[in-house]
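Observations on chain architecture
Spelled out, the chains give:
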Protein chains: 2
Amino acid sequence: MTRTKATEDPARLPLVGDRHVDPHSYPDGIAFLDGQYLPMSQAKVSVLDWGFLHSDATYDTVHVWDGRFFRLDLHLDRFFGGLEKLRMTIPFDREGVAEILHNCVALSGHRAAYVEMLCTRGASPTFSRDPRQAINRFMAFAVQFGSVANAEQLRRGLHVAISDKVRIPPASIDPAIKNYHWLDLVRGLYDAYDRDAETALILDFNGNVAEGPGFNVFCVKDGRLSTPAIGVLPGITRRTVFDLCGEEGLTAEAADISVAALKAADEVFITSTAGGIMPVTRIDGAAIADGKVGPVTSRLMALYWRKHDHPAWSSPVKYP
Amino acid sequence: MTRTKATEDPARLPLVGDRHVDPHSYPDGIAFLDGQYLPMSQAKVSVLDWGFLHSDATYDTVHVWDGRFFRLDLHLDRFFGGLEKLRMTIPFDREGVAEILHNCVALSGHRAAYVEMLCTRGASPTFSRDPRQAINRFMAFAVQFGSVANAEQLRRGLHVAISDKVRIPPASIDPAIKNYHWLDLVRGLYDAYDRDAETALILDFNGNVAEGPGFNVFCVKDGRLSTPAIGVLPGITRRTVFDLCGEEGLTAEAADISVAALKAADEVFITSTAGGIMPVTRIDGAAIADGKVGPVTSRLMALYWRKHDHPAWSSPVKYP
């Protein structure tokens, strides 16, 4: 170790403060933790929480559009399923979590919100390394709605690059447990930026297309839709596309999709709670078909947003 | 969503606090963040930091034993290597980080300490999803030294189970970037607990032995040492075993190790900054050889601890 003046003279050790002075800014929103509703600036996790040190956590995100939650029940199903698989317990049932999410949104005032519920392993009072001794910690927050694609990208379609990074396989992490293990996706994103694309798709272990950072992918060929079957998050928006196809008499299936098949598709789109159904018009610098947003994609996008005030698909926030 | 009384009557929405009242306890120690030295209770990460939401972070841990850092230079090498691979930048060079780590330990007063340096992607001031716009955040902390194995386990050897969970492969996450992607290891640990073992080993993608939660594994057969070659963290304690073997004229190699070969070994031990060299005497309920800590393991354990006051391998903390 290189010695410095401070270490040569112990008397010159820096002072220890009582309380962190936080120089960062935070978006408007409301968080819930430890029984308290707080501004986003207060929504923090200890560095000693295994949810940070081991990414030992699960979560789900639901969105609010025009003052209504969209398909909240499906997100609650997935969140409670993840908790069970990770053997985590929280002191709230589904109704309790739904009430907390509602309160976060109502208190935030956001009419369009990105709403997250999460549970970390926590830490044990004795700081044992045994996760069974940790007290699991539930948190939730509501911030302004955000989208993978901006307004221009939604109009003309996203430009995507396919990275050779491989999505963490199900033998390592069960993708049905929604998790924060994203370094493969983040590195894929940097690969895409290096190739002047706007976002990335990465591969499954057989070299087929898997998913991108926060989204599933679909292609349309000869009027039939398909989306990768294995090793991908079972996205709620992905499922919503299947539901919409059922209503519209369109054929959709989960299957292996090769890189070549994706590039040869008539239409490509991605799906995410953060933006819904979003068109892709270029992959690896080449246009998909004529390079324009296709008719099936446009039709599904319109249907998707139309469902947002349907009482079977959405539920109202009661703002103060 | 199930409506509750609180949501039926907006006037009954809960109050929003100004500041989080933290009911949790924290271990004694000192953290550095945002230019401030603080008690561990103040060492927190925003839930909106990509280091939490995407586990987009790298770190390293070094230990202090009897008031001296052990092989700090190697840990700094690996940390700065990880930063470069993740395209993160911090406002400190090696000497600057070394000084911060030193100060955390000296201010904590711990003579035996577990010292972590970490960098998260951070967040962008506009909360863009583009990680290139995020401001990376460096933190460090020193808490009391902890070990994978307790005193009894060090004496009689750990009891390990081999889980069928597969360590996240290098095609997904480069293991040379020390990272918090641990859910595979955590789930392996629960598999081990279910089988009355104390810790776990998980597999590589070919079904060979990979590593455990926070440690590498070695076996000794006919006087020769081997440790898994691929898909494992290049641990500093693992490397130290190779260095000690070189000094002692022992043969050690990195190679594929099947589950059968591990169980048929003369001796098995694990290596971690959190505990050093630690014997394993039972795997999946069966004894390794005669079920006692073996002579090569004991010899390496003694040598390992003896190096802790050697000036070429360690450097002093100057306590106030």
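Just so you know, these numbers come straight off a predicted model, no measurement behind them.

With that out of the way, let us pick up the relation of the copies chain A and chain B. When chain A is fitted to chain B, the residual RMSD is 0.0 Å, and the transformation amounts to a turn of 180° plus an axial shift of 0.0 Å. Here the copies are linked by what is in effect a two-fold axis. Both copies present the same face, since 100% of the interface residues in chain A are matched by interface residues at the equivalent positions in chain B.

Residue and element names in this part refer to chain B. Notably, Ser55 is not glycine yet its phi reads approximately 45°, a positive angle. Mapped onto the elements, Ser55 comes out in the loop between helix H2 (50-53) and strand S4 (57-65). With a relative accessible area of 1%, Ser55 lands in the buried category. Positive phi is not limited to glycine here, since Ala289 has a value of about 50°. When you line up the elements, Ala289 lands in the loop between strand S16 (286-287) and helix H9 (295-306).

Before going further, it helps to spend a moment on the environment of Ile230(B). Residues and elements named next belong to chain B. Along the chain, the position of Ile230 falls in the loop between strand S12 (224-228) and helix H7 (236-248). Among the residues examined, Ile230 registers a relative accessible area of 43% and is labelled partly exposed. Counting along the chain gives 21 residues from Ile230 to Val209, while the straight-line C-alpha distance between them is 9.8 Å. When near neighbours in sequence (up to four residues on either side) are disregarded, Ile230 contacts Asp204, Asn206 and Asp256.

Attention now moves to the pairing of strand S15 (residues 276-283) of chain A. Residue and element names in this part refer to chain A. Counted residue by residue, S15 has 7 buried out of 8 residues, so it is predominantly covered. Sheet analysis places strand S8 (residues 158-166) next to S15, joined by 3 bridges and oriented parallel. Note on S15: the bridge partner recorded for Val160 is Ile283. Strand direction decides the pairing type here: strand S14 (residues 267-272) and S15, joined by 5 bridges, are antiparallel. Within S15, the position partnered with Ser272 by the bridge is Gly276. Connecting S14 to the antiparallel partner S15 that follows it, the hairpin turn spans 3 residues, and Gly275 within it adopts a positive phi of roughly 130°. Inspection of the sheet shows S15 paired to strand S16 (residues 286-287) by 2 bridges, in the antiparallel sense.

Now for the domain arrangement of chain A. All names here are of chain A. Looking at the assigned domains, one finds that chain A contains domain 1 (5-144) and domain 2 (151-308). Taken over C-alpha atoms, the centre of domain 1 sits 28 Å from the centre of domain 2. With 22 residues of domain 1 at the contact, the number on the domain 2 side is 21 residues. Taking both partners together, domain 1 and domain 2 bury about 2000 Å²; carbon and sulfur atoms supply 61% of that area. When the buried surface of domain 1 facing domain 2 is broken down by residue, Tyr59, Phe70 and Arg78 rank first, second and third, together holding 33% of it. A salt bridge links Arg71 to Asp243, with the nearest nitrogen and oxygen atoms 2.8 Å apart. Inspection of the domain 1/domain 2 interface yields 8 residue pairs in polar contact (both at pLDDT 80 or more). In terms of residue count, strand S4 (residues 57-65) provides more of the side of domain 1 that touches domain 2 than any other element does, 8 residues in total.

Rules and cut-offs
Residues numbered from 1 in each chain as written. Chains lettered and ligands numbered in written order. Predicted model: local features only at pLDDT ≥ 70, side-chain atom pairs only at ≥ 80, totals over all residues. Heavy atoms only, no water. Least-squares fit on C-alpha atoms with pLDDT ≥ 70 in both. Contact = heavy atoms within 4.5 Å. Helix = DSSP H or I, 4+ residues; strand = E, 2+ residues; numbered from the N terminus. Buried < 20%, exposed > 50% of the residue type's maximum accessible area, 1.4 Å probe, protein only. Pairing = 2+ DSSP bridges. Domains from an automatic or database assignment. Buried area = accessible area lost by both parts, 1.4 Å probe. Salt bridge = Lys/Arg side-chain N within 4 Å of Asp/Glu carboxyl O. Polar contact = N/O pair within 3.5 Å; in protein donor to acceptor, adjacent residues only side chain to side chain.

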